[in-house]
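Coordinate analysis (summary)
Single-letter residue listing:
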Amino acid sequence: MEEKPTVETRDLPALETGKTSESVVVPASGPEREAIVKRLKLKLDLRLVPYLALLYLFNALDRGNIGNARLAGLEAGTHLSGNDFYNALSFFYFGYTISQIPNMFILKRVTPSVLVGVTMILWGICSTSMAAAKNYSGLVAARFFMGVFEAGIGPAAPIILSFFYLRHELAWRAALFYGSSTFAGAFGGLIAYGVATNLAHERLAAWQLLFIIEGIPTIALGFITIFVLPNSPESLERWFVTPEEKQVAIERSRSGHNADSSLIDKRQLWAALKDYKNLFTCLIYIGLNIPLASFTSFLPTIVKLMGYSEATAQLMTVPPYACAIVCVFAMCWNSDRTQRRGYHVAASASLACLGYILLISSTNVKANYTGACFVAMGLYPVVPLMLSWVANNNVGHTKRAISIAMLNTFGQCFATVGTQIYKNKTAPRFFMGYGICLAFTVVMIVLSLALSVVLNRENNRREAKHGSPKLLSSEEQQAAIDGGIYDDHPSFRYFI
């Protein structure tokens, strides 16, 4: 079931379809076919990927702005004390965790544009409503339901991308999508700095203005998304692609193991739950989300405790995210080029390890700030790499969707640990927090390398037993899925 990376088509006669008002003949190979594919990918790269990145930018802004709001007076304005702030962070991940798998089932019954658009509207309302919170209870309620609704876009995005791109094209596009979360970290610091230094309101505090400014655009974008987000190659509009480009998009989607016609397949559900690869990836993602959740929420506080003023600390959170953006794109581009996922996960996690070692071992402000940059550079590339890896190695819509939902569920469940490890009493060195994060980055390195070795051995075993993989038609793919074979098919090769 594997498609060779350098081949876009099967060596078959020209394919003909009569689904439009006139017959569409698409060459199966040759320069004309290559030109059609090139135009199609360019159009998708200019529309689908940037739009998904824009959506995730607002997702990450709304999720992480509580860290900036803390420096702007959130705790005093909502009368928080003790562990209240840390608990408010945790409740977001409780909501996010419980809605992962239900969202994947909903995605099988409604179009992606509806799921993503509606959940955006709802989480935007929750984010904006935090400006009206007067106490701990109101803040926790808003954060919990924001987590419930934000779980719509994160798991749905790699599913949507897998409909339009081949397996070896996925990580780079996922990097462009998830890389926007690093832009959000940078923009969040700039917006918070601008609000703190340039905006004043008689009735609203700076932290309230921050929630409103970043929440209202999310609501507007949710309404737009319902109407403009492409759902599948079959639904691409005539003004956007030519009939030939649409036909090629459909063929590429089917060759990428998207021939599954079932709505919800219980066998695929159990196959996902029993798959040992998903155990590995979930453990790796747990190792990622503990340090990632803590970094996103506490970076402004960590930077402030290095000796910067509150306004300057907001601004100084920008460079670590800028460094992370470069690393995300570089790692994922090379991962697609080499078709290696696990080794790049391990390399990224090694950068984070170096950052935490600097934070633990030094009291020098410059060394600590450099360490924070290395942590960002190491953690953020792992998100698109892992989600692409899971999407690459699971065949069948339901199995792929459940596998990604499992990844996010376990990861976000343990992200609550990351919200509890930077206690005020351990400031400013935060030995406990840095030590826990360092340990889990080491876990990422060990498990990602181990899974790569296991998958490589399995590929070699199939090669020795069955020979080179053959390219299957969509009918053969559907027959394999109906037979419960999935990625165990002799012609399927894992990304390692």
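Section: the pattern of salt bridges
According to the stated counting rule, one finds 18 salt bridges in the structure shown. The partner of Arg33 in a salt bridge is Glu251, and the shortest N-O contact between them spans 2.7 Å. Residue Arg33 is found in helix H1 (residues 31-71), and its partner Glu251 is found in helix H11 (residues 243-255); the two are separated by 218 residues along the sequence. The pair formed by Arg33 and Glu251 is uniform in burial state, with each residue classed as buried. Members of the salt-bridge network, linked through shared partners, are Asp275, Lys277, Lys399 and Asp487.

Re a nonpolar patch on the surface
Together, Ile106, Val110, Val114, Val118, Leu122 and Ile125 make up a nonpolar patch on the protein surface, roughly 400 Å² of accessible area in all. By the element assignment, Leu122 lies in helix H5 (residues 112-129). Taking relative accessible area as the criterion, Leu122 reaches 31% and is therefore assigned partly exposed.

Here's the deal with the packing of helix H15 (residues 318-338) against helix H17 (residues 365-379)
Between H15 and H17, the shortest axis-to-axis distance is 8 Å and the interhelical angle comes to 35°. Seen along the crossing, H15 lies across H17 with a hand that is right-handed. Facing H15, whose interface residues are Pro319, Pro320, Cys323, Ala324 and Cys327, H17 presents Tyr369, Ala372, Cys373, Ala376 and Met377. By residue class, the composition of the contact of H15 with H17 is 10 nonpolar, no polar and no charged.

Section: empty space enclosed by the protein
Unoccupied space between atoms shows up once a probe the size of one water molecule is rolled over them. Counted by the stated rule, this structure contains 7 cavities of 30 Å³ or more. A volume near 430 Å³ is recorded for the largest cavity. Lining the largest cavity are 33 residues, and of these Ala60, Arg63, Ser181, Thr296 and Tyr380 lie nearest its centre. Elements with a contribution of two residues or more to the lining of the largest cavity: H1, helix H3 (84-98), helix H9 (180-198), helix H13 (276-304), helix H18 (382-392) and helix H19 (397-418). Examining the composition of the lining of the largest cavity, we find that 8 residues originate from one element, H1, more than from any other.

Here is what the cut-offs are and how they apply
- Residues numbered from 1 in each chain as written.
- Predicted model: local features only at pLDDT ≥ 70, side-chain atom pairs only at ≥ 80, totals over all residues.
- Heavy atoms only, no water.
- Salt bridge = Lys/Arg side-chain N within 4 Å of Asp/Glu carboxyl O.
- Helix = DSSP H or I, 4+ residues; strand = E, 2+ residues; numbered from the N terminus.
- Buried < 20%, exposed > 50% of the residue type's maximum accessible area, 1.4 Å probe, protein only.
- Patch = residues over 30% accessible without salt bridge, like charges linked within 9 Å, V, L, I, M, F, W, Y side chains within 5 Å.
- Areas by Shrake-Rupley, 256 points an atom, 1.4 Å probe, with all protein chains shown as cover.
- Axes fitted to C-alpha atoms, helices over the stretch in contact; angles between N-to-C directions.
- Left-handed = near helix turned anticlockwise from the far one by under 90°.
- Contact = heavy atoms within 4.5 Å.
- Nonpolar A, V, L, I, M, F, W, Y, C, P; charged D, E, K, R; others polar.
- 1 Å grid on protein atoms, 1.4 Å probe; cavity = no way out; pocket = protein on both sides within 12 Å on 5 of 7 lines; lining within 4 Å.
- Points joined across faces, edges and corners; volume = space filled by probe spheres on them.

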